Amino acid sequence: MSKTDRCTIVTGAASGIGRAIALRLVGEGGRVLAMDTDAAGLADLETAQAEAGRLVTFTGDVAKEADVASCIAAALRHFGRIDAVVCNAGIMKRVPATELSYEDWHRVLDVNLSQSFLFAKHAGPELRKAKGAMLLVSSTRAFMSEADTESYSATKGGLFALAHSLAVSLSPEVRVNAVAPGWINVSGEELRPVDHAQHLVGRVGEPDDVAHAASFLLDGEKAGFITGQTLVIDGGMTRKMIYAH
Ligand SMILES: NC(=O)c1ccc[n+]([C@@H]2O[C@H](COP(=O)([O-])OP(=O)(O)OC[C@H]3O[C@@H](n4cnc5c(N)ncnc54)[C@H](O)[C@@H]3O)[C@@H](O)[C@H]2O)c1
């Protein structure tokens, strides 16, 4: 399947990394179903891409099984096939464990982690048919932490494990990989020299840094021998030892 005909579902596509991935895949000639809870953001995405008919949107919650099933049905209705799913939607709650409600703990798990289970469950048969791929968006927070981020880190570590677990279960037809981005400036926030300096490459990441890697990992011709892996995309931040002086 060439990039031109490939149909990909991208979740969390209304902003940030998901938006960059969706625009890159469409720009390369592919077709994308963009899913998000943010209907206004999806409408904006639709106007940002030039290729009519190549991007359709679906407003829904990745943590709701019925929405995931409807999203997959919508992709099949529009495109007739599903070659790839990018499970990118994510949320973070920075709350001390002593204060985080059990409900909020579960919400983060449901959105960040369970979505990938739901998409594997409902899109698995179509992905097998298409000899397709899944890409899970983890984080370098799977491997290191700041305080009060337990729920987020647990989900991102879970995605590292889910990527190899699903890669085994869906083989040989479907490849499943994850990306673990580091600091990606999705809001265009003004950064200090010290922010850039803590990266080996001398700069904070941009959404397109992840989108390029996603495009490569989804491409069965270029990345056909890569599955079950998590690719760290962090400008070397997690390879740099920092001693306070
Ligand atoms: N920005 C970073 O530095 C960074 C680093 C590592 C990993 N990540 C991961 O990258 C992914 C994208 O994050 P981002 O930085 O682009 O953030 P973002 O907030 O800009 O985008 C996240 C998108 O997900 C959507 N979303 C949230 N909950 C949803 C739900 N239940 N159903 C459907 N859509 C939902 C939001 O509306 C939003 O459009 C997340 O999984 C995040 O954890 C980001």
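Bear in mind the structure is a predicted one, so any value in this text is a computation, not a measurement.

Engineer: Where do I start with the overall build of the chain in this structure?
Structural biologist: The helix and strand inventory of the chain stands at seven helices and seven strands. Computed over C-alpha atoms, the radius of gyration of the chain comes to 17 Å, within 12% of the 18 Å expected from 2.2 N^0.38 for 245 residues, which places it in the range of a compact globule. Out of the 245 residues belonging to the chain, those deemed buried represent 43%.

Engineer: I tried to follow the sheet that holds strand β6 (residues 175-181) on my own but got confused; where do I start?
Structural biologist: One open sheet holds the seven strands; their spatial order is β3-β2-β1-β4-β5-β6-β7, and the pairing between them is parallel. At either margin of the open sheet sits one strand with a lone partner, and together these are β3 (55-59) and β7 (230-233). Going across the sheet, the axis of each strand differs from the next one's by a mean of 15 degrees, ignoring polarity. Relative to strand β5 (residues 133-137), strand β4 (residues 84-87) runs parallel, the two being bridged by four bridges. Looking across to β5, one finds that Cys-87 is bridged to Leu-136. Across the sheet, helix α2 (residues 39-48) lies against β2 (31-36) and β3, angled at about 175 degrees from β3, the strand it touches most.

Engineer: Can you walk me through helix α5 (residues 150-169) in this structure?
Structural biologist: Given 3.6 residues per turn, any residue in an α-helix points the same way as the ones three and four places further on. Between its terminal C-alpha atoms α5 stretches 28 Å, which fits the 28 Å expected from 20 residues at 1.5 Å a residue. The complete set of buried residues in α5 reads Ser-151, Tyr-152, Thr-155, Lys-156, Gly-158, Leu-159, Leu-162, Ala-163, Leu-166 and Ala-167.

Engineer: What should I look at first to understand the site of the ligand in this one?
Structural biologist: The full set close to the ligand counts 25 residues, and Gly-12, Gly-16, Ala-89, Gly-90 and Ser-139 are the nearest of them. With three residues, the single largest contributor to the shell around the ligand is helix α1 (residues 16-27). A per-class count over the shell around the ligand returns 12 nonpolar, 10 polar and three charged.

Engineer: Please clarify how the packing of α1 against helix α7 (residues 207-218) should be interpreted in this entry.
Structural biologist: The relative placement of two packed helices is expressed as an angle between their axes plus a distance between the axes. Two elements in contact, α1 and α7, have axes whose closest approach is 8 Å; the angle formed by their N-to-C orientations is 50 degrees. Considering their axes alone, α1 and α7 lie oblique with respect to each other. Seen from above, α1 lies across α7 with right-handed handedness. Taking contact as the criterion, the partners of Gly-16, Ile-17, Ala-20, Ile-21, Arg-24 and Leu-25 in α1 are, on α7, Pro-207, Asp-208, Val-210, Ala-211, Ala-214 and Ser-215. Residue composition of the contact of α1 with α7, grouped by class: eight nonpolar, two polar and two charged.

Engineer: Please clarify how α7 should be interpreted in this entry.
Structural biologist: With 12 residues, α7 ought to run about 16 Å at 1.5 Å a step, and its terminal C-alpha atoms sit 17 Å apart, in line with that. All of the buried residues along α7 are Pro-207, Asp-209, Val-210, Ala-211, Ala-214, Ser-215, Leu-217 and Leu-218. Contacts from the buried residues of α7 go to β1 (7-11), α1, β4, β5, β6 and β7.

Engineer: Would you take a moment to explain the nonpolar core for this structure?
Structural biologist: Nonpolar side chains in soluble globular proteins tend to be buried together. Counting 65 residues, the largest nonpolar core has Ile-21, Ala-22, Ala-34, Val-85, Met-134 and Leu-135 as the members making the most contacts within it. Looking at this core, the element that brings in the most residues is helix α4 (residues 102-130), giving eight residues. For Ala-22, the contacting residues outside a window of four places in its chain are Val-10, Ala-13, Val-32, Ala-34, Leu-45 and Leu-55.

Engineer: Help me understand the packing of α4 against α5, please; the structure alone is not making it clear to me.
Structural biologist: Contact pair α4 / α5: the axes reach a minimum separation of 9 Å and the direction vectors enclose 15 degrees. Here α5 runs roughly parallel to α4, going by the angle between their axes. As for the relative orientation of α4 and α5, their crossing is right-handed in sense. Along the contact surface, α4 presents Trp-105, Val-108, Leu-109, Asn-112, Leu-113, Ser-116 and Ala-120, while α5 presents Ser-151, Tyr-152, Thr-155, Gly-158, Leu-159, Leu-162 and Leu-166.

Engineer: Help me understand the pairing of β2, please; the structure alone is not making it clear to me.
Structural biologist: Every other side chain in a regular strand lies on the same face of the sheet, so the side chains alternate between the two faces. Where burial is concerned, most of β2 is hidden: six out of the six residues are buried. Of the two faces of β2, both are covered, the one formed by Arg-31, Leu-33 and Met-35 as well as the one formed by Val-32, Ala-34 and Asp-36. As paired strands, β1 and β2 are joined by five bridges and run parallel to one another. Paired with Thr-11 across the two strands is Met-35, which belongs to β2.

Engineer: Hey, could you run me through the environment of Ser-215 in this one?
Structural biologist: Inspection of the secondary structure assignment puts Ser-215 in helix α7. For Ser-215, a count of 21 C-beta atoms within 10 Å gives the class buried. Sequence-wise, Ser-215 and Thr-37 are 178 residues apart; in three dimensions their C-alpha atoms are separated by 23 Å. With near-sequence residues (within four places) excluded, Ser-215 lies in contact with Arg-24, Leu-25 and Glu-28.

Engineer: Could you clarify how one ought to interpret the environment of His-196 in this entry?
Structural biologist: You can see His-196 is positioned in helix α6 (residues 193-197). For His-196, a count of 14 C-beta atoms within 10 Å puts it in the partly exposed group. For the pair His-196 and Gly-235, spaced 39 residues apart in sequence, the C-alpha to C-alpha distance is 9.6 Å. Not counting chain neighbours up to four residues away, the residues in contact with His-196 comprise Leu-191, Gly-202, Arg-203 and Val-204.

Cut-offs applied
Residues numbered from 1 in each chain as written. Predicted model: local features only at pLDDT ≥ 70, side-chain atom pairs only at ≥ 80, totals over all residues. Helix = DSSP H or I, 4+ residues; strand = E, 2+ residues; numbered from the N terminus. Rg over C-alpha atoms; globule rule 2.2 N^0.38 Å. Buried ≥ 20, exposed ≤ 12 C-beta atoms within 10 Å, placed from the backbone. Pairing = 2+ DSSP bridges. Axes fitted to C-alpha atoms, helices over the stretch in contact; angles between N-to-C directions. Contact = placed C-beta atoms within 7 Å. Expected span 1.5 Å × (residues − 1). Near = placed C-beta within 6 Å. Nonpolar A, V, L, I, M, F, W, Y, C, P; charged D, E, K, R; others polar. Parallel < 35°, antiparallel > 145°, perpendicular 65-115°, else oblique. Left-handed = near helix turned anticlockwise from the far one by under 90°. Core = buried A, V, L, I, M, F, W, Y, C linked by C-beta atoms within 7 Å.

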